[in-house]
Amino acid sequence: MATVKLSFSPAPVHVRTARLVGVAVARRAGVREDLLDEVRLAIGEACTRAVALHRQYGLAEPVYVEMSDGGGYSVRVVDRAPIEAGLGLAALGPDELAKESLSEDALTTGVGFALLAGFVEDLQVRPVDDGVGTEVRMSWPAGRA
């Protein structure tokens, strides 16, 4: 099992690098060629979301990305924003979603999750174990020939 770890300052310019590395690792892991565009878009969306949250909250801490090919291809993107901000609409129940008083930030984060759900069948969003930040975990089937 190979694991690639990246961390980068929360600047939009670094998202492209994360996408390029992510697709290269996916290809090496044996992700089907027809899924690579989805991988690229999903990694870009997850990293863009994390960078936006860091910038919104003035956080200089790096965004963390981990890619692994153990039992498929998985990508973790971790931000360090307050949990309630990072989870956005993913943390809201149906009653809260029906309210018209959603903040623009919550709506933007929720739209990011909606896009991710369209790209990734296996998507998990949860608070980071240490209680600061959010982890977005995505995975795709893979197998080396």
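Because the structure is predicted, anything quoted here is derived from the model rather than measured. (Residues numbered from 1 in each chain as written. Predicted model: local features only at pLDDT ≥ 70, side-chain atom pairs only at ≥ 80, totals over all residues. Heavy atoms only, no water.)

Here we look at the overall build of the protein
And step 1. Assigned secondary structure in the protein consists of 5 helices and 5 strands.
And step 2. The buried share of the protein, reckoned over its 145 residues, is 41%.
And step 3. When the accessible surface of the protein is split by element, carbon and sulfur atoms take 54% of a total near 7,700 Å². (Helix = DSSP H or I, 4+ residues; strand = E, 2+ residues; numbered from the N terminus. Buried < 20%, exposed > 50% of the residue type's maximum accessible area, 1.4 Å probe, protein only. Areas by Shrake-Rupley, 256 points an atom, 1.4 Å probe, with all protein chains shown as cover.)

Notes on the nonpolar core
And step 1. Tyr73, Val75, Val77 and Met138 are the most contacted members of the largest nonpolar core, which totals 28 residues.
And step 2. Secondary-structure elements contributing two or more residues to this core are α1 (13-29), α2 (36-56), β2 (63-68), β3 (73-79) and β5 (134-140).
And step 3. With 8 residues, the top contributor of residues to this core is α2.
And step 4. Residue contacts for Val77: discarding those within four places in its chain leaves Ala46, Cys47, Ala50, Val63, Tyr64, Val65, Thr134, Glu135, Val136 and Met138. (Core = buried A, V, L, I, M, F, W, Y, C linked by side-chain atoms within 4.5 Å. Contact = heavy atoms within 4.5 Å.)

Digging into the sheet that holds strand β4 (residues 122-127)
And step 1. Pairing in this open sheet of 5 strands is antiparallel, and the strands run β1-β2-β3-β5-β4 from one edge to the other. Among the strands making up the open sheet, the edge pair consists of β1 (3-8) and β4. Across the sheet, the mean angle separating the axes of adjacent strands is 15° when strand polarity is ignored.
And step 2. By the bridge criterion, 5 bridges tie β2 to β3 in an arrangement that is antiparallel. The partner of Met67 across the bridge, within β3, is Val75.
And step 3. The strands touched by α1 are β1, β2 and β3; relative to β1, the strand with the most contacts, the crossing angle is about 175°.
And step 4. Lying over the sheet, α2 contacts β1, β2, β3 and β5, oriented at roughly 15° with respect to β3. (Pairing = 2+ DSSP bridges. Axes fitted to C-alpha atoms, helices over the stretch in contact; angles between N-to-C directions.)

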